[in-house]
Amino acid sequence: INIVLTDSSLKEAFHEEELKMPSNVHLHSKVSSKPFNKFSYIRSFVDEMLDYDLVLFKDNDQRLNGFPWRTFVRQKADATVSGPLRQNMDEALLWRHAYPKRQYFQFHAAEAWTEDWNTQWSSKLFAQGIPTEVPMLEMYMVLFNAKFANYFFDEILIPEFVNQTSAWGPDLLWC
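Counting of residues starts from 1 at the beginning of each chain's written sequence and follows it residue by residue. Only residues with pLDDT of 70 or above have their local features reported here, since the model is predicted, and side-chain atom pairs are shown and tallied only from 80 upward, although totals for entire chains, interfaces and linings are computed over all residues. No hydrogens and no water enter the side-chain calculation; it runs on all heavy atoms of the structure.

S.K.: Residues and numbers for the environment of Asp 171, please.
M.R.: Here Asp 171 shows up in helix H8 (residues 170–173). Assessed through its relative accessible area of 10%, Asp 171 is described here as buried. Placed 31 residues apart in sequence, Asp 171 and Tyr 140 show a C-alpha to C-alpha distance of 9.4 Å. In what follows, a contact means two residues having at least one pair of non-hydrogen atoms within 4.5 Å. Leaving out residues up to four positions away in the same chain, Asp 171 has contacts with Met 136, Leu 137, Glu 138 and Met 139. Secondary structure follows DSSP: runs of H or I at least 4 residues long count as helices, runs of E at least 2 residues long count as strands, and numbering of each begins at the N terminus. Residue exposure (1.4 Å probe, protein chains only): buried if accessible area is under 20% of the type maximum, exposed if over 50%, otherwise partly exposed.

S.K.: An account of the environment of Lys 58 is needed here, citing residue identities and associated values.
M.R.: You can see Lys 58 is positioned in strand E3 (residues 54–58). Among the residues examined, Lys 58 registers a relative accessible area of 32% and is labelled partly exposed. Discounting residues that sit within four places of it in the chain, Lys 58 has contacts with Leu 64, Tyr 140 and Met 141.

S.K.: Describe in detail the layout of surface pockets, supporting the description with residues and values.
M.R.: Its volume calculated, the largest pocket comes out at about 2,000 Å³. Cavity and pocket criteria rest on a 1 Å grid covering protein atoms alone: a 1.4 Å probe that fits but cannot get out defines a cavity, protein on both sides within 12 Å along at least 5 of 7 lines defines an open pocket, and an atom within 4 Å of a point defines a lining residue. Together, 47 residues line the largest pocket, and Ile 42, Leu 56, Phe 57, Lys 58 and Asp 59 are the ones closest to its centre. Among the elements of the structure, strand E1 (2–5), E3 and H8 are those that each provide at least two residues to the lining of the largest pocket. Broken down by element, the lining of the largest pocket gets its largest block of residues, 5 residues, from E3. Gly counts as polar in this scheme, as do all residues outside two lists: the nonpolar Ala, Val, Leu, Ile, Met, Phe, Trp, Tyr, Cys and Pro, and the charged Asp, Glu, Lys and Arg. For the lining of the largest pocket, the per-class residue count stands at 29 nonpolar, 8 polar and 10 charged. Grid points are joined across faces, edges and corners, and a volume is the space filled by probe spheres set on the points.

S.K.: Tell me about the pattern of salt bridges, and name the residues and values.
M.R.: We define a salt bridge as a side-chain nitrogen of Lys or Arg found within 4 Å of a carboxyl oxygen belonging to Asp or Glu. Counted by the stated rule, this structure contains 3 salt bridges. A salt bridge links Glu 17 to Lys 20, with the shortest nitrogen-to-oxygen separation between them at 3.1 Å. Note on Glu 17: relative accessible area 38%, which makes it partly exposed. With a relative accessible area of 64%, Lys 20 lands in the exposed category. A salt bridge links Asp 154 to Arg 43, with the nearest nitrogen and oxygen atoms 2.8 Å apart. Within this pair, whereas Asp 154 is found in helix H6 (residues 146–156), its partner Arg 43 is found in the loop between strand E2 (28–31) and E3, the two being separated by 111 residues in sequence.

S.K.: Could you give me a rundown of the nonpolar core, with the residues and numbers involved?
M.R.: As used in this record, nonpolar core signifies buried Ala, Val, Leu, Ile, Met, Phe, Trp, Tyr and Cys residues forming a set joined through side-chain atoms within 4.5 Å. In terms of nonpolar packing, the biggest core is built from 22 residues, with Phe 39, Met 49, Phe 144, Phe 153, Leu 157 and Trp 174 touching the most fellow members. Mapped onto this core, the elements with two or more residues apiece are E3, strand E5 (141–145), H6 and helix H7 (159–162). It is H6 that contributes the most residues to this core, 5 residues altogether. Among the nonpolar cores identified, the runner-up in size contains 5 residues, and Phe 67, Phe 72, Met 141 and Leu 143 belong to it.

Below, the structure written as structure tokens:
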């Protein structure tokens, strides 16, 4: 697990927690208070991806507690790249419906699947957990077939990309 800390004083706390974890879980922490390209921290782990069946990338604001992993993995079947819907709690509040949405790609917003937005997405698809192909999977939380992830990231994580501060682009490529 890659962790970017903004304060070096947190490093010891994470190390103490790592000692309590199973032996196959490793925390790799770096300290940086400046903007960074999150993919720059992945480059050194590309070869290790082949040791696994699946590889998960997620943003720090995506919580895993309570996530239905077994259902998600079963429903994704043999998809090479898959991702769940997201629910922004603020945007889901009824009073916020009059305001512009924060997320650019609304087909990842759970509320677009559960309300009548006159979209091609259906509340039945959401309620029944039916996997649905979408034109793009944003990088907020993506599960990859490990062989594909190894090949893909080995190809795109070149110095010109990882040395810039922006992480935009890979989600447009893996689709």
